[in-house]
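Structural characterization, general
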Number of protein chains: 2
Amino acid sequence: MLILELQKVADSINRLIREDDFPGKISPAYLKASVIDYPSRGGKRLRPAVLLWTCGLLGGKTASAKFAAAAVEIYHNWTLVHDDIIDNDKMRRGKPSSHFIIAKLAEKRFRMKPEEALSYGKDFAILAGDIQQGWAANMLLKSADSGVSPVLTIHLSRQLYELVNRNLISGEALDVEMPHLGIGGLSPSKIEKMLDLKTGALLRYCAETGAMIGLGSVKFASDRRIRKIGEFASLSGVAFQLKDDWLGIFGNEKKLGKPVGSDLSEGKPTLLIYLAWKNLDRPGRTKLLSFLGKPSYTAGELETVRKMIRESGAEGRVLKRAEFLANSAKNILLDFPDNKYRKLLLELADFLTSREK
Amino acid sequence: MLILELQKVADSINRLIREDDFPGKISPAYLKASVIDYPSRGGKRLRPAVLLWTCGLLGGKTASAKFAAAAVEIYHNWTLVHDDIIDNDKMRRGKPSSHFIIAKLAEKRFRMKPEEALSYGKDFAILAGDIQQGWAANMLLKSADSGVSPVLTIHLSRQLYELVNRNLISGEALDVEMPHLGIGGLSPSKIEKMLDLKTGALLRYCAETGAMIGLGSVKFASDRRIRKIGEFASLSGVAFQLKDDWLGIFGNEKKLGKPVGSDLSEGKPTLLIYLAWKNLDRPGRTKLLSFLGKPSYTAGELETVRKMIRESGAEGRVLKRAEFLANSAKNILLDFPDNKYRKLLLELADFLTSREK
């Protein structure tokens, strides 16, 4: 049932994004194309699903949450555009990243050398993400046209800035800073705090927003159910991210749509790497760290890293931790009405820790 | 009177920005500092002044427009943070630019080499600007707490995205693209169109928003006065920008707070450069273009460029054009009530074409 229902969500979000006239007047044309690109690439649309289903869970009409659902997806995508610039990622969902596409265009159209073109591509991708942030905010405000009261619409928009924008971007900043802090200064809780900001904040917002629209009034803003359902999503988000980090090293490149090992290339101390490092002796630590930050990895090198992570016990601990968080999330749901949406959200929490892409 | 009243506006905006708790929870600390930095550097606060005075012009209480006024200033500042990254500007209002400050910090704290540190500085400045865009949007939504109806607050927020975000950023993109298009393919109207998007769009929004809050209801959204007052601001904005381009070459570096000639360094075909180029013979054109894109200029080189621009007649034409646009703007105001605010706006339009910094 989950996959079918996710597909329904994706279809409706894809249509809303495709038909929205916001990107219409952007120039030049390749900036417009870049603004439309990531939000139209598909993907799992997990965030809209959480928002729509938590709305349904609390008795709301999911149609009233449709603009908010499209908004969080566009919001998620602008952060990806800027992340890809910062992380120098060349691929996203199996296609070239935004800045990379524009760099290639600049090489052709303006006969720029690769280095200048890359810089031009990044400049334009900064601007594309900036417009997408506005597009997301505008889409959310349309909620006032789909049956959400103006006062609640303003409340939800303010929450987007106060709970998501600051936290999510602080999380991204901490993620960028971490490789420079030295692995010894980290701890599992510091790493999970960063994940909770970077991934949990937006998912928490999705759940709280869906629930608020479901309850239908701003007067429920401090209702216990809002906080609980937010907790469900945030725990699921961290579980998801831990699994994502695992996939980044143990996953299948074809299914993943990006090179396996790119986290290693960026020198990111994921919980997986941190725990492996922590459990190794001095020569083992030196060896593990020597694998961080390489531009690419041979199959043999990847296998060595995998073996070290597995044998240090880190792989098992991270997968267990992800499962524990997903179970904690699911337990929260048991306090909610037993309806179709609860079932979907439970299945979703399972999906997040069992997925292979 | 103008200077005194501008100072009053600046004081009230500075206080609102200083006291707002939005940046409070940002981490790491130097990202928070970066988010607060540009909006706190002062400056002329022209945009808030336009917004508050157009509100007063149409009989509104300026206090009800205070959050909107602070919002447009923060909005303007996030665009500067991203512009400075894109333009590689090291200075802003007499101090180092955002990305440059963080680059220096990264050199010290993380012992990065200058090149890596600059890239780190740019990454963080991208994120700082991203948060500032959210901060501005959040500040605007606070208008619902200062007497603007929720429905009007939503309308004004949507206008910010639909009229400003897309247009302003398209203008910035066209500005970045222009040096690569070849000067022969330009025209005065193409250049002014870009200026109208990049500078005019936000000023038009300031005036329309002030006027809407002044009239007090969303039912005036298509009122002729809204369109006219927007036209006033947009014409003033282009006049301001033409004068700004003039100052970028003929201005006084100390008063300007940034190096004279930085537009030349970036190879930007301003109206000034375009008209000079257009009026020169072939050897003159070659000579003029040879000055574009240098990393810096000696006093002698700058004097040569100034002389070419002056003697080609371009300087006179641009200054006349700026004056004409400012006069057209002022004529529009004559249809509005003759009150204190009209007087201030008339003086402001004069100020924009007579300023020396």
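Residues numbered from 1 in each chain as written. Chains lettered and ligands numbered in written order. Predicted model: local features only at pLDDT ≥ 70, side-chain atom pairs only at ≥ 80, totals over all residues. Heavy atoms only, no water.

**Focus: the packing of helix H2 (residues 29–40) of chain A against helix H6 (residues 114–141) of chain A**
Residues and elements named next belong to chain A. Contact geometry of H2 with H6 gives a least axis separation of 9 Å together with a crossing angle of 60 degrees. In terms of axis orientation, H2 runs oblique to H6. Of the two possible hands of crossing, H2 and H6 adopt the one that is right-handed. Seen from H2, the contacting residues are Tyr-30, Leu-31, Ser-34, Val-35, Ile-36, Tyr-38 and Pro-39; seen from H6, they are Tyr-120, Phe-124, Leu-127, Ala-128, Ile-131, Gln-132 and Trp-135. Classifying every residue of the contact of H2 with H6 gives 12 nonpolar, two polar and no charged. (Axes fitted to C-alpha atoms, helices over the stretch in contact; angles between N-to-C directions. Helix = DSSP H or I, 4+ residues; strand = E, 2+ residues; numbered from the N terminus. Parallel < 35°, antiparallel > 145°, perpendicular 65-115°, else oblique. Left-handed = near helix turned anticlockwise from the far one by under 90°. Contact = heavy atoms within 4.5 Å. Nonpolar A, V, L, I, M, F, W, Y, C, P; charged D, E, K, R; others polar.)

**Here we look at the environment of Ile183(A)**
Within the secondary structure, Ile183(A) sits in the loop between helix H7 (150–177) and helix H8 (188–215). The spacing of Ile183(A) and Lys278(A) is 95 residues in sequence and 9.1 Å in space, taken between C-alpha atoms.

**Description of the relation of the copies chain A and chain B**
Note on the identical chains: chain A maps onto chain B by a rotation of 180 degrees and an axial translation of 0.0 Å, with an RMSD of 0.0 Å. What the superposition gives is, in effect, a two-fold axis relating one chain to the other. Residue Pro150(A), judged by its C-alpha, is the member of chain A lying nearest the rotation axis, at 2.9 Å. When the interface residues of chain A are mapped onto chain B, 98% of them again lie at the interface, so the same face is used by both copies. (Least-squares fit on C-alpha atoms with pLDDT ≥ 70 in both.)

**Thoughts on the interface of chain A and chain B**
With 50 residues of chain A in contact, the opposing surface of chain B contributes 49 residues. Run the count over chain A and chain B and you get two salt bridges. Residues Arg158(B) and Asp145(A) are paired through a salt bridge, measuring 3.4 Å at the closest nitrogen-oxygen approach. Our enumeration of links across chain A and chain B arrives at 19 residue pairs in polar contact (both at pLDDT 80 or more). (Salt bridge = Lys/Arg side-chain N within 4 Å of Asp/Glu carboxyl O. Polar contact = N/O pair within 3.5 Å; in protein donor to acceptor, adjacent residues only side chain to side chain.)

**Things to note about the confidence of the model for chain A**
Across chain A, the average pLDDT comes to 94, with 98% of residues at or above 70. Model confidence for the complex: the whole-complex pTM is 0.94, and ipTM, which rates the interface, is 0.94. (pLDDT = per-residue confidence, 0-100.)

**Quick word on the pattern of salt bridges**
Taken as a whole and judged by the stated rule, the model has 48 salt bridges over all chains. Residues Glu311(A) and Lys307(A) are paired through a salt bridge, measuring 3.7 Å at the closest nitrogen-oxygen approach. Here Glu311(A) pairs with Lys307(A), and both are found in helix H14 (residues 299–311), just four residues apart, close to one helical turn. Glu231(B) is the partner of Arg204(B) in a salt bridge, and the nearest nitrogen-oxygen pair spans 3.3 Å. Of the two residues, Arg204(B) is situated in helix H8 (residues 188–215) and Glu231(B) in helix H9 (residues 224–250); the sequence distance between them amounts to 27 residues.

**Quick word on the packing of helix H12 (residues 271–279) of chain B against helix H15 (residues 314–333) of chain B**
Residues and elements named next belong to chain B. The interhelical angle for the contact between H12 and H15, taken along N-to-C directions, is 135 degrees, at an axis separation of 8 Å. Relative to H15, the element H12 lies oblique. You can see that H12 and H15 cross each other, and the crossing is right-handed. Across from Leu-271, Leu-272, Leu-275 and Ala-276 in H12, the residues of H15 making contact are Ala-314, Glu-315, Arg-317 and Val-318. Looking at side-chain class alone, the contact of H12 with H15 contains six nonpolar, no polar and two charged residues.

**A word on the side chain of Glu192(B)**
Residue and element names in this part refer to chain B. Here Glu-192 is to be found in helix H8. For Glu-192, a relative accessible area of 14% corresponds to the buried category. For Glu-192, the side chain forms a polar contact with the side chain of Arg-321, separated by 2.6 Å. Those residues in contact with Glu-192 that sit more than four places away from it in its chain are Val-238, Leu-242, Leu-271, Arg-321 and Leu-325. (Buried < 20%, exposed > 50% of the residue type's maximum accessible area, 1.4 Å probe, protein only.)

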